[in-house]
Structures are given as C-alpha cells and as structure tokens.
Amino acid sequence: MLPQPVPIDLDIMNYRQTIDFLFNSLPMFQRIGDAAIRKDLTNIRKLCTLLDQPQDHFPTLHIAGTNGKGSTSHMLASIFQATGKKAGLYTSPHYVDFRERIKINGEVISQKEVIRFVEKYKDHWQPIQPSFFEITVAMAFDHFRKHQVDIAIIETGLGGRLDSTNIIQPLLSIITNIGFDHTQFLGNTLEQIAFEKAGIIKSKTPVIIGEWNGKTAPVFKDKAKQEMAPIHFASKQVKIIPLTKSLARNSFAVDIGGHTWMNKLTTDLTGPYQEKNLATVLETIWWWNQYYTENKISISNIRKGLSSVKSSTQMIGRWMIMGKKPLIIADAAHNEHGMKAMLPELLQIPVTTRHFVLGFVNDKDILKILKLFPSNGKYYWCSPDIPRGKPSVETREIGVTLGLLGLAYQSVDKAYQAALQNARKSDLVFVGGSSYVVGDFLK
C-alpha cells in the first residue's frame, strides 16, 4: 500500500543513526513544539551561505496556506513531471520516512545522500544552531541544485513571512486558503494569519490565492499592491463541475472566466476538499501559461499529471483507502478548517457503523474539532507517538463532554486493532486527527 523505498547498497543502521542524530540534536517542532520555531530568517540564510546559495540555481513555485498546500504542491509537481521536466518537491511533515520531504519526480532523496549531507556539514552548522526544519530546507535546496531540477515546488512549513523556505524568488507564489491553525505563532484573527502567509508575496511576482474570503482578501491585495505583484483569486475565476465520483477517481468539467476550459478532467485525488485544491492548481497553471508563454503547459499534460498524482509523486496521507470491507480511510486533516472540509462527505458514505480512531497533538483546539463529530459513532482514542501528542485519556475526557464515547488506548496501532476487531464488513473505520497519527498508522 505504501511506496517502496528505493533499494540502495547501504547499511540501514547508518541511515537510522543519521536520522536519530537529526531528530535528537536539533530543535524539532514535531517533537517539542514552540521551542523549535525560529522567528526570523537568519539561520537559513547562514546555512545557505555555507552551501553557496543553492536556492538560486533553479526556478521555483512557492506554496503557503492553512490547509491544502501539500495536495496542491503534489498536483503541481505531477503536472510539471507530465511535461517531461525534472520536478523537485519539498513538503512537510513526513509520515513514515524523513526522505518523503525531499523528492525529485516522485523519487525520495537516497539514504546515502542524507548521510553524506549530514556528515559533510554537521560540524559547520553547529555554530549556527539551526532547527531541524532549517536543516531539512537547506538539504532540499542542496539536493535540487545537485540534481539540476528544472523546477522545484516548495511548500512552506507553518507560516510564510518568517518561514525558512521564504528566501527563494519564485516564478509564482500560491496561497491556498486561510483558517485558524498555529495561532500561537501566526495570530488570533484571520487577518493576522493572512498577513503572515502573505509574506511569501514577492516583488512583481504573480500570486494566486485559492479561496476568496472577505476578511483576508484585503490583506493579500494590500501586500500585492506594495510588491507590485499581479494577484488572482482561483475561486473567483475557476468553476469545478463534478461529473463522476468514486473512492478511487473523480472527474470534472472545468470552466475558467465563464468559459469551458476542459470538458472532462480526471484525478486520482478523491478527498472531498480536493475540488478547492484543484481549482487553485488549475488557476496556477492558467496563469503560468499567460506569464511564461515559452513554457506553456498543454491540456493533455494537465490531464496526464492530474490523473496520476499519487503514483507519480508517491503522495500519501490524504484520503487513503486502506481497505474495502470494512471501508478503511486514513486522512491527515488536523484542524477545524480541515475537518470541516473533510468530514461532511465522510459522514455521507453509506455504512452501518462508523468507527473513529482519533488522536491529536496538544496545541490544537480539540474541543472545536470534536464538536464536528457525530455522537452515534464509536470512538477509539489514541495519541501519536511524539512528545507533543495529547494523552489519549485527556482526549477521551473531552470526547465524553460531547457525548463521544469510547476507550483510550496506549498507541495508534492498539486503537486501530480494537476498531478493526469491532467493525463489520459494512462499517467504516476512519483513522485521523493528526498527520502524526496517520504516520503511526502507516508504519
């Protein structure tokens, strides 16, 4: 079910020791939260100076947003791959293997290259005292330069303005949407969060905004005006018209600017939130073709790229159909905004009983998220295996106040096995609440 690692001739323990060194010697948001965040670009600039500015040696697209940026990035990478270009892809976090963060044409960075990078530079970066994320960004830039990618799709971490990826000069900037997440870093209002995301808008560089919102649009427009950057809103221009739907593939007609662009477009990304991401991607490609006419992308390449996003980019973690009887779905939606986009369609699937294997990290507003879940489901509370994981007993207590009843388990696997044992062939088992829960499930 998972993409198989590229076989290499290397002692696996060397790689594991290297990853352990990265995880344990560098401040890592996944593990410790706030303390790992660097609130300026000083360290990443120093790292890239150490590496001789690798980020300046290949063209990029830059993706920010509260939700959907990972899916958007993978779709764009798949489309560029379909044109025959060598496409780099940097995303975060990873689910199972660190190397998922850095890919070229769907192939993850090799274990040997990770080891060599760390061995070559670890003594040099010690005085800089970088975070784990800063090192991974620098490693990605170095990898893409070394392999001479034709373009790199770069996803931000959790911000924009002060995100470590924000030292690139992209050909297009893309912001998917704005919702409440990581408010301790980005602000407590949509306007404040939009301001941070708008930080990726660069001078005279076209910017695509996925979803129009009356509160955030003025923020984006003001920033674009300051930077003299053309700005385009996908939800104002692109209309996605559903034709057929299944668990494995969906097809749509596409109108743009009030005119038919494609009569039929099929994609293998079938999560209910993917229509909005698809609109963002198509708006991006439309304007790419207007601004970069010498590298126009044909409709046939758009179709080819979107029909096989999962296989061409080795994308995992989103709306993964892991079994049919019972129906088993894993999805990494992890905040209120993301759950609102995903849950309604999940709850419409005709099944007998719904079993929810849910766990969260401790900096989420779990009460708001759980209010979206039905009281007639069966719940199996768990905690992702990271220091930031919310203890399953505490999550269960919040669930009880909302009438969401179930037992707490010591691990994701134990919760899942209990759900699977109780589920009939006509039932649904859903695993989610956090990308780290999905990662534990996939291991």
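Sequence order sets the numbering: in each chain, residues are counted from 1 along the sequence as written. Restriction of local features to residues with pLDDT of at least 70 applies here, the model being predicted, together with a cutoff of 80 or more for giving and counting side-chain atom pairs; totals for whole chains, interfaces and linings are based on all residues. To get the side-chain values, all heavy atoms of the structure are used, and hydrogens and water are removed first.

A. Region of interest: the pairing of strand β17 (residues 428–432). Of all the five residues making up β17, five are buried; the element is thus mostly covered by neighbouring parts of the structure. Criterion used throughout: strands pair if DSSP finds at least two bridges between them. Runs of E in the DSSP output that reach at least two residues are strands. Runs of H or I that reach at least four are helices, and both are numbered from the N terminus. Inspection of the sheet shows strand β13 (residues 327–331) paired to β17 by five bridges, in the parallel sense. Each residue of the ladder has a partner; that of Ala 330, found in β17, is Val 431. As defined by bridge partners, strand β14 (residues 354–358) adjoins β17 across five bridges and the pair is classed as parallel. Paired with Leu 358 across the two strands is Gly 432, which belongs to β17. We call a residue buried when its accessible area falls under 20% of the maximum for its residue type, exposed when it is over 50%, and partly exposed in between, using a 1.4 Å probe and counting protein chains only.

B. Seen up close, the pattern of salt bridges. Criterion for a salt bridge: a side-chain nitrogen of Lys or Arg within 4 Å of a carboxyl oxygen of Asp or Glu. Throughout the structure, instances matching the rule amount to 14 salt bridges. Here Glu 227 ties to Lys 223 by a salt bridge, and the two come within 3.1 Å at their closest N and O atoms. The closest approach of N and O atoms between Glu 275 and Lys 245, which form a salt bridge, is 3.2 Å. On the criterion of sequence distance, the pair formed by Glu 275 in helix α11 (residues 274–291) and Lys 245 in strand β9 (residues 238–245) is long-range, its members being 30 residues apart. Residues joined in a network through salt bridges with shared partners are Lys 245, Glu 275 and Glu 345.

C. Fine view of helix α14 (residues 336–348). The terminal C-alpha atoms of α14, which comprises 13 residues, lie 19 Å apart, in line with the 18 Å expected from a rise of 1.5 Å per residue. The seven residues ending at a residue and the seven starting there each receive a fitted axis; the angle between those axes is the bend at that residue. If you look at α14, its biggest bend is around 35 degrees, right at Met 342, and the proline Pro 344 turns up within four residues after that. Among the residues making up α14, those that are buried are Gly 338, Met 339, Met 342, Leu 343 and Leu 346. Contact partners of the buried residues in α14: β13, β14, α15 (366–370) and β17. Multiplying 1.5 Å by the helix residue count minus one yields the expected span of that helix. A contact between two residues is defined here by any heavy atoms of the two lying within 4.5 Å.

D. Seen up close, the packing of aromatic side chains. Aromatic rings from Phe, Tyr and Trp, taking only the six-membered ring of Trp, are treated as a pair when their centres fall within 6.5 Å; an angle between ring planes under 30 degrees marks them as stacked, one over 60 as edge-to-face, and anything in between as tilted. Applying the stated criterion across every chain yields a total of 19 aromatic pairs. Both rings, one in Phe 80 and one in Trp 288, keep their centres 5.1 Å apart while their planes meet at 85 degrees; by these two values the pair is edge-to-face. With Phe 80 in helix α4 (residues 69–82) and Trp 288 in helix α11, this residue pair connects regions lying 208 residues apart in the sequence. With respect to burial, Phe 80 and Trp 288 carry one shared label: buried. Three or more aromatic residues joined by ring pairs form one cluster here, namely Phe 356, Phe 373, Tyr 379, Trp 381 and Phe 430. Over the ring of Tyr 15 we find Arg 99; its NZ or CZ atom is 5.5 Å from the centre of that ring. Our definition puts a charge over a ring when NZ of Lys or CZ of Arg is within 6 Å of the ring centre and also within 35 degrees of the ring normal.

E. Representation of the sheet that holds strand β10 (residues 250–256). Read across the open sheet, the three strands follow the order β9-β10-β11; overall the sheet is antiparallel. Unpaired on one side and paired on the other, β9 and β11 (259–267) mark the two borders of the sheet. Between one strand axis and the next, the sheet turns by 20 degrees as a mean value, whatever way the strands run. Pairing between β10 and β11: six bridges, direction antiparallel. Counted as the bridge partner of Phe 252 is Leu 265 from β11. Against the sheet, α11 touches β9, β10 and β11, its axis set at about 130 degrees to β9. Every axis corresponds to a line fitted to the C-alpha atoms, with the helix fit spanning only the stretch in contact, and the corresponding angles, defined between N-to-C directions, vary from 0 to 180 degrees.

F. Here's a closer look at the packing of helix α5 (residues 111–125) against helix α6 (residues 132–146). Viewed as axis vectors pointing N to C, α5 and α6 meet at an angle of 120 degrees, and their least axial separation amounts to 11 Å. As far as their axial angle goes, α6 and α5 are oblique. By crossing handedness, the relation of α5 to α6 is classed as right-handed. Here α5 contributes Glu 113, Val 114, Phe 117, Val 118, Tyr 121 and Trp 125 to the contact with α6, which in turn contributes Ile 135, Ala 138, Met 139, Asp 142, His 143 and Lys 146. Grouping the constituent residues of the contact of α5 with α6 by class yields eight nonpolar, one polar and three charged. Roughly parallel means an angle under 35 degrees; roughly antiparallel means over 145; roughly perpendicular covers 65 to 115; every other angle is labelled oblique. Two helices cross in a left-handed way if the nearer one is turned anticlockwise from the farther one by less than a right angle. They cross in a right-handed way if the turn is clockwise. Under the grouping applied here, Gly and all other residues not named as nonpolar or charged are polar, the nonpolar ones being Ala, Val, Leu, Ile, Met, Phe, Trp, Tyr, Cys and Pro and the charged ones Asp, Glu, Lys and Arg.

G. View of the nonpolar core. Counting 37 residues, the largest nonpolar core has Leu 22, Trp 125, Met 139 and Phe 144 as the members making the most contacts within it. Put simply, the parts of the chain that give this core at least two residues each are α1 (12–25), α3 (42–50), β3 (102–104), α5, α6 and β5 (151–155). Counting residues per element, this core draws most heavily on α6, at nine residues. If near-sequence neighbours (up to four positions away) are discounted, Leu 22 is found in contact with Phe 98, Val 118, Trp 125, Phe 132, Ile 135 and Met 139. In these notes, a set of buried Ala, Val, Leu, Ile, Met, Phe, Trp, Tyr and Cys residues joined through side-chain atoms within 4.5 Å is what counts as a nonpolar core. Formed by 36 residues, the second largest nonpolar core is a distinct cluster that contains Leu 61, Ala 77, Ala 87 and Leu 278.

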